[in-house]
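Notes for the structure review
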Amino acid sequence: MKVIIRKNSAEGSLWAAHYIAARINEKAARTNEPFVIGLCTGSTPIETYAELIRMVKAGEVSFRNVISFNMDEYVGLPVEHPESYHSFMHRYLFDHIDEKPENIHILDGNAKDIEAECAAYEKAIVDAGGFDLFLGGVGEDGHIAFNEPFSSLESRTRVVTLTQDTREVNARFFDGDFNKVPKQALTVGVATVLSSKEVVILAFGSKKARALKDAIEGPMSHYCTLSGLQAHPAGTIVCDESSIGEVKVNSYRYFKAVEEAENA
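Structure report, in brief. (Residues numbered from 1 in each chain as written. Predicted model: local features only at pLDDT ≥ 70, side-chain atom pairs only at ≥ 80, totals over all residues. Heavy atoms only, no water.)

**Concerning the packing of helix 1 (residues 9-30) against helix 2 (residues 46-57)**
Interhelical geometry of helix 1 versus helix 2 gives an angle of 50° and a closest axis separation of 8 Å. Taken together, the axes of helix 1 and helix 2 are oblique relative to one another. Handedness of the crossing formed by helix 1 with helix 2: right-handed. Between helix 1 and helix 2, the residues in contact are S9, A10, S13, L14, A16, A17, H18, I20 and A21 and E47, T48, E51, L52, R54 and M55, respectively. Tallied by class, the residues present in the contact of helix 1 with helix 2 amount to eight nonpolar, four polar and three charged. (Axes fitted to C-alpha atoms, helices over the stretch in contact; angles between N-to-C directions. Helix = DSSP H or I, 4+ residues; strand = E, 2+ residues; numbered from the N terminus. Parallel < 35°, antiparallel > 145°, perpendicular 65-115°, else oblique. Left-handed = near helix turned anticlockwise from the far one by under 90°. Contact = heavy atoms within 4.5 Å. Nonpolar A, V, L, I, M, F, W, Y, C, P; charged D, E, K, R; others polar.)

The structure is reproduced here in structure tokens:
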């Protein structure tokens, strides 16, 4: 596991955007095969998406040969609802880049058969060639996507019931009303994320500090689903000084020294 530490979320977000763009460009230079990416929602990736939009408009990267799969969606929330993840992704990324509409994949939380929707989504990822890179965030309790604590590390795309804590955190997107937050969601599983060739997780702010400590220094456990990244051969956490604050001083120094050595 690599841990990239930046002063604040703005610097961390820029690092992530430029890393993603570099990976897309590297693959485009050696093959005509599409770059397959997993994408996340929430406030954390907004700055990264803004920089990717700037880079696309500046001609520094193109999404014309990118296939994307979003990690989750609420069950029963209309697609046109401003807080659906369909709306979020178009508002903050898809409406501003050159990705082909047919290459955009988001789980359908209004499918007549949500179990079949999950199975089809998992198959579509495999049929696309699997993820080249998965961009994710992490919850305050260490969950990735909607894989709440005690989700199996072998889990795949499925329907889940959201915990009260997660619904309370997300209530800020629903006029602060906990009761407006859907009770269920469709989500890729922990194993779906970890099947990616590379995984990049964004974590900014002091509220993510305990989650990072558990994920980086704690045991690999379904209690903190992000900890599954410990077993990944190319997992990277991009964080800021606030979110890394609870790890041991020597751990902090180690990650900083590794990056300095690689950039020397």
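**Quick notes on the sheet that holds strand 1 (residues 2-6)**
The seven strands lie next to each other as 1-10-9-6-2-3-5, forming an open sheet whose pairing is parallel. Each of the sheet's edge strands pairs with one partner strand only, and the pair in question is strand 1 and strand 5 (104-105). (Pairing = 2+ DSSP bridges.)

**Some remarks on the pattern of salt bridges**
Following the criterion strictly, the structure yields 13 salt bridges and no others. E198 is paired through a salt bridge with R23; the nearest N and O atoms lie 2.7 Å apart. Of this pair, E198 sits in the loop between helix 6 (190-194) and strand 9 (199-203) while R23 is found in helix 1, placing the two residues 175 residues apart along the sequence. Here E198 falls in the buried class, since its relative accessible area comes to 14%. Residue K213 is joined to E217 by a salt bridge in which the shortest nitrogen-to-oxygen separation is 3.2 Å. Note that K213 and E217 are positioned in helix 7 (residues 209-217) at a spacing of four residues, about one turn of the helix. Given a relative accessible area of 29%, K213 falls into the partly exposed group. Given the relative accessible area of 25%, E217 is considered partly exposed. Within the structure, one salt-bridge network assembled from shared partners comprises R23, E26 and E198. (Salt bridge = Lys/Arg side-chain N within 4 Å of Asp/Glu carboxyl O. Buried < 20%, exposed > 50% of the residue type's maximum accessible area, 1.4 Å probe, protein only.)

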